[in-house]
Amino acid sequence: MSATQRLFVRQSSGLVRTISAFGAMVFGVHCISLSSSGLIPFSWVASVWPGASIIGVLTVAMILGLFHAYTYASIGAAMPRSGADYVLASRILNPTLAFGASWVLALFSGVVAGGLIAWIPGTALPTLLRTIGILFDNQTATDLATWSASPTGILVIGTACVLLTWATMLLPTQTIVRILEVGFFLGLAAWAVIYFALATASGPEAFQSAWDRFMGAGSFASRIDLALQAGMEYSPNVAIMTLAGLIMGFWIYYGYYIPTFFAGEVKEAHRNLLIGAWSALIITWLIFSAADLLLERLVPLEWIAAEGYLYNNTDTFAMPWITFYASILRPNVLVVGLITIGWVYTLINLAQTYFFYTSRIIFSWAFDRIIPSGIAYVHPRVASPVVAVTLIAILAEIGVLDAATRGILATQLHFVFFAVITQIVPVLAITLLPFLKPDLFETAPRIVRAKLGSLPVVTLIGAITLVYLGWMILASFLFPAVGGGIGRGTILTFLLIFLIGIAVHVASRLYRLRREGVDLAWTFREIPPV
Amino acid sequence: MKLFRIVYSSDFHASELVFRKFLSAGLMYQAQALVVGGDLTGKALVPLIRVDGRYEAVIAGVRREAETEAELKQLRRLIANVGYYAQEMTPDEARYYAEHPAEQLQLFRRGIEEQLTRWLELAEQHLRPRGIPLYLIPGNDDPLFVDEILGHSSSSIVNVDRRRIELAGGEYTLVGLGVSNETPWRCPRDWPEERIELELRQLLQPVPACERAILLVHVPPYDSGLDTAPALDQELRIRYAGGQVLMEPVGSRAVRRVIEEFQPLLGLHGHIHESPGFRKLGRTLCVNVGSEYAEGILRAAIVNLERGRVKGYLPISG
């Protein structure tokens, strides 16, 4: 067979789909974020579960992510178009339910984009400015850090960053692509600088002396005792590590699967979505794990946990940031400057990916004519969806306001809870696809129709993903330190937004039926061949 | 005048499943007319290699075998559903055809003629009893010899290429042109822009009420959002930047100029599979339904016309 021709092709047009596996990976890495997620393992994970191996947590979380990524890649492969999750769930389960879930996800993603932008003045800038203040004894930088993290600072700088993100998303696609490209390599460069600083330190004594130089004599030696006195319980065991890993997957890696939301633009979606998502997961796991290996060469895990604990649970001045650790080892303008630029730039990139995928979800609603098609209007000169992007910018500004005032949405903390609940709908759809739509299943790409014995792999992995999602919801209640404390207000907010989505769908269907003579339900109806 | 419903689709590229779904959609949604925007024929032919009394084929990279008649029939159906032609042959014949492009083209011709003839019979069989006409044009990927097959039109199947047809008792005029502007692949019906413009003007000028004309042209108007495709370099490779594919408008400037000048009621287009949508150019609603023929998914549009205007429209897929 190999010696013979397998396919004869005649001369004809060959227009193909768009984003490559590399492109999908770049989007995934940006949405995970080389900056914000890069801080979490060292400043947060280590302090919430003192003693849990950071690499162990990263690994368990990454492995769970592989299952979830497979499920979402299958969703995109089964329905390779914008808003694939909504499109699949609307065709397999119920259009109104699917829209309600998609509505919550898109609205909350827009708001969270603002919450993430607020991270720039709220955490990233203060951390970096304090580093500059400490390293170069610069009071102005320290004062700026304090102002940046204040409600006014968050509002002013956050709004400026929303406007910047909005403006960049209005640029021609080629320019946006270049901005993301630069961000990807700047992010990698920032990590390379961190690696260099950590790897070239001679040993633990060098770190201790650098720390004491900038944080005060004897400071290094006192951190563990201070944390233990404050209540830290250090318990290095595998069970805690696994538990932490089971919880932290979305907090660290959320975003690897976002190309599914624009699967219609991914070339060979059946292959590249999975490659892109898994690559993004594995690459970020490698980056963060390598940093941990290098850091633990210099400081014990207990010390990292203690510094994080002091920052998160006490008023003691603490700097549990990997960027700071690297900066004190190489206290020069170039190192600090490169890290600062890389960190802030990739945070803007992170917001851009949220703007991008949310706009694609909105496209899918507009294409199904649930919302006015004008919302998906693409400007002819810049070829960007100006109305959708502007709407997302408004949502993002609400997110900034919320972050500045610590309002009812508390977007960053509650996003995982909201996102996970909405994901149940499309994940259930792909899990049940082989049974509810056997014809679609049989003609779907191999990733979707693969079987393990007689059991469809999407059903098996979909079920594992559903259990994982269920656990994530439960964990939000069991571990309020992580989930942000899901109270009645949060649940009511979710229900309210969901019900508004349902109302929008029902109203739109009635309008189209009465005014235009078309039933939106036709969009989703199966068409059997004659 | 009462509501006149069109079910429109395009770019089936020989997918048997998609064509059958399209006919079914016309019946399900009680269309008054079915319209097809070209590119009916397939791009590839799969050799069904006879080896030791069984058949082997590779479809989308997956090796498949058939031993019994039933299995062979199923394999043929699978090949047809993704838009390929199947041809039984020995390994020696496969090698021969691989080395002789002219003979290979004859195989394509046989496959195209056989399928198109069967499709027209199928359409006749299902649509004629309901009195639903099927209007179609070829697309740039359709070889010129398909005109002969489409030319055997009956009252219920009409090739509209370079013609004007009255619809709904003369309330609307359907104007067809089954071509595209020049593509890098130099397809059989790639025309220079000047020729497209001239032809469209000649077709539209005699129409008494252009505001009730429906323009059925395979290629969409330039830079309309319905014609966005990957940018290619001179070697026909996709251009990337930062890991992303660069996109650009590739539609016809002539089609755009004509639409902007004559402002027909509706523009029905295909050609660019990855750029489906509905866009207004002035008062003209332009439609490209896109295509997912390889996945066996029908992409179509329902368009309701009433009193000389577009009352409503809806994309459907299934």
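### Notes on a nonpolar patch on the surface
Residues and elements named next belong to chain A.
(1) Moving on: A cluster of nonpolar side chains, namely Ile63, Phe67, Leu452, Leu455, Leu460 and Ile464, defines an oily patch on the protein surface of about 460 Å² accessible area.
(2) Moving on: Those elements giving two or more residues to the nonpolar patch turn out to be α3 (54-78) and α20 (457-478).
(3) Moving on: Relative to the helices and strands, Leu455 is located in strand β3 (residues 455-456).

### Re unusual backbone geometry
Residue and element names in this part refer to chain B.
(1) Moving on: Unlike most non-glycine residues, Arg162 shows phi in positive territory, near 60°.
(2) Moving on: Its location among the elements puts Arg162 in the loop between β8 (157-159) and β9 (163-167).
(3) Moving on: Judged by relative accessible area, Arg162 falls into the partly exposed class, the value being 38%.
(4) Moving on: Here the phi dihedral of Ala168 falls at roughly 50°; this positive angle occurs in a residue that is not glycine.
(5) Moving on: In this fold, Ala168 is placed in the loop between β9 and β10 (172-177).
(6) Moving on: By relative accessible area, Ala168 is classed as partly exposed at 23%.

### Points about the pairing of strand β1 (residues 4-9) of chain B
Residues and elements named next belong to chain B.
(1) Moving on: Here β1 lies mainly inside the structure; six of its six residues are buried.
(2) Moving on: The alternating pattern of β1 places Phe4, Ile6 and Tyr8 on one face and Arg5, Val7 and Ser9 on the opposite face, and all of these are buried.
(3) Moving on: Bridge count between β1 and strand β21 (residues 299-306): six bridges; the pairing is antiparallel. By the bridge assignment for β21, Ser9 is matched with Ala300.
(4) Moving on: Strand direction decides the pairing type here: β1 and strand β2 (residues 33-36), joined by four bridges, are parallel. The residue bridging Val7 from the neighbouring strand is Leu34, located in β2.
(5) Moving on: In this view, the connection linking β1 to its parallel neighbour β2 by way of helix α1 (residues 16-28) has right-handed handedness.

### A word on the sheet that holds β8 of chain B
Residue and element names in this part refer to chain B.
(1) Moving on: Pairing within the open sheet is mixed, and its six strands lie in the order β8-β7-β2-β1-β21-β22. Two strands lie at the open edges of the sheet, namely β8 and β22 (309-317), each paired on one side alone. Going across the sheet, the axis of each strand differs from the next one's by a mean of 20°, ignoring polarity.

### Quick look at the pairing of strand β18 (residues 266-269) of chain B
Residues and elements named next belong to chain B.
(1) Moving on: Alternating residues of β18 divide into Leu266 and Leu268 and Gly267 and His269, and every residue in both groups is buried.
(2) Moving on: The pairing of strand β13 (residues 213-217) with β18 spans three bridges and is classified as parallel. In the strand pairing of β18, Ile214 is matched with Leu266.

### Quick look at the packing of aromatic side chains
(1) Moving on: The full count for this structure, using the stated rule, is 47 aromatic pairs over all chains.
(2) Moving on: Aromatic side chains Tyr86 of chain A and Phe99 of chain A sit 6.4 Å apart centroid to centroid with 75° between the ring planes, which places their arrangement in the edge-to-face category. With Tyr86 of chain A in helix α4 (residues 84-92) and Phe99 of chain A in helix α5 (residues 95-135), the pair connects residues that are 13 residues apart, well separated along the chain.
(3) Moving on: Relative to Phe19 of chain B, the ring of Phe12 of chain B lies with its centre 5.8 Å away and its plane at 70°, an arrangement referred to as edge-to-face.
(4) Moving on: Accessibility expressed as a relative area gives 0% for Phe12 of chain B, which makes it buried.
(5) Moving on: A connected cluster of aromatic rings, assembled from ring pairs, spans Tyr72, Tyr254, Tyr256, Tyr257, Phe261, Tyr354 and Tyr357 of chain A.

### As for the sheet that holds β9 of chain B
Residues and elements named next belong to chain B.
(1) Moving on: Taken together, the six strands give an open sheet; going across it, the order is β9-β10-β13-β18-β20-β19, and neighbouring strands pair in mixed fashion. Both outer strands of the open sheet, β9 and β19 (277-281), are each paired with one neighbouring strand and no more. On average, each strand axis in the sheet is tilted by 20° relative to the strand beside it, whichever way the strands run.
(2) Moving on: Strand direction decides the pairing type here: β9 and β10, joined by five bridges, are antiparallel. The residue of β10 that forms the bridge with Ile165 is Leu174.
(3) Moving on: Of the strands in this sheet, β9, β10 and β13 are in contact with helix α6 (residues 193-204), which crosses β10 at around 160°.

### Details of the packing of α5 of chain A against helix α7 (residues 151-169) of chain A
Residue and element names in this part refer to chain A.
(1) Moving on: Relative orientation of the contacting elements α5 and α7 amounts to 130°, with a least axis distance of 7 Å. Here α7 runs oblique to α5, going by the angle between their axes. Of the two elements, α5 crosses α7, and the hand of that crossing is right-handed. Contacts between α5 and α7 involve Ile117, Ala118, Ile120, Pro121, Gly122 and Leu125 from the first element and Gly153, Ile154, Ile157, Gly158, Cys161, Val162 and Thr165 from the second.
(2) Moving on: The class makeup of the residues in the contact of α5 with α7 is nine nonpolar, four polar and no charged.

### Section: the domain arrangement of chain B
Residues and elements named next belong to chain B.
(1) Moving on: Taken domain by domain, chain B holds domain 1 (4-43 + 111-317) and domain 2 (45-107).
(2) Moving on: The distance between the C-alpha centroids of domain 1 and domain 2 comes to 30 Å.
(3) Moving on: The interface is formed by 14 residues belonging to domain 1 together with six residues belonging to domain 2.
(4) Moving on: Both sides together, the interface formed by domain 1 and domain 2 hides about 750 Å², and carbon and sulfur atoms give 50% of it.
(5) Moving on: The tally of links between domain 1 and domain 2 comes to zero salt bridges.
(6) Moving on: The tally of links from domain 1 across to domain 2 stands at five residue pairs in polar contact (both at pLDDT 80 or more).
(7) Moving on: When its residues are assigned to classes, the side of domain 1 that touches domain 2 shows five nonpolar, seven polar and two charged.

Calculation notes
Residues numbered from 1 in each chain as written. Chains lettered and ligands numbered in written order. Predicted model: local features only at pLDDT ≥ 70, side-chain atom pairs only at ≥ 80, totals over all residues. Heavy atoms only, no water. Patch = residues over 30% accessible without salt bridge, like charges linked within 9 Å, V, L, I, M, F, W, Y side chains within 5 Å. Areas by Shrake-Rupley, 256 points an atom, 1.4 Å probe, with all protein chains shown as cover. Salt bridge = Lys/Arg side-chain N within 4 Å of Asp/Glu carboxyl O. Helix = DSSP H or I, 4+ residues; strand = E, 2+ residues; numbered from the N terminus. Buried < 20%, exposed > 50% of the residue type's maximum accessible area, 1.4 Å probe, protein only. Pairing = 2+ DSSP bridges. Right-handed = clockwise from strand over helix to strand, strands pointing away. Axes fitted to C-alpha atoms, helices over the stretch in contact; angles between N-to-C directions. Phe/Tyr/Trp six-rings, centres within 6.5 Å; stacked < 30°, edge-to-face > 60°. Contact = heavy atoms within 4.5 Å. Parallel < 35°, antiparallel > 145°, perpendicular 65-115°, else oblique. Left-handed = near helix turned anticlockwise from the far one by under 90°. Nonpolar A, V, L, I, M, F, W, Y, C, P; charged D, E, K, R; others polar. Domains from an automatic or database assignment. Buried area = accessible area lost by both parts, 1.4 Å probe. Polar contact = N/O pair within 3.5 Å; in protein donor to acceptor, adjacent residues only side chain to side chain.

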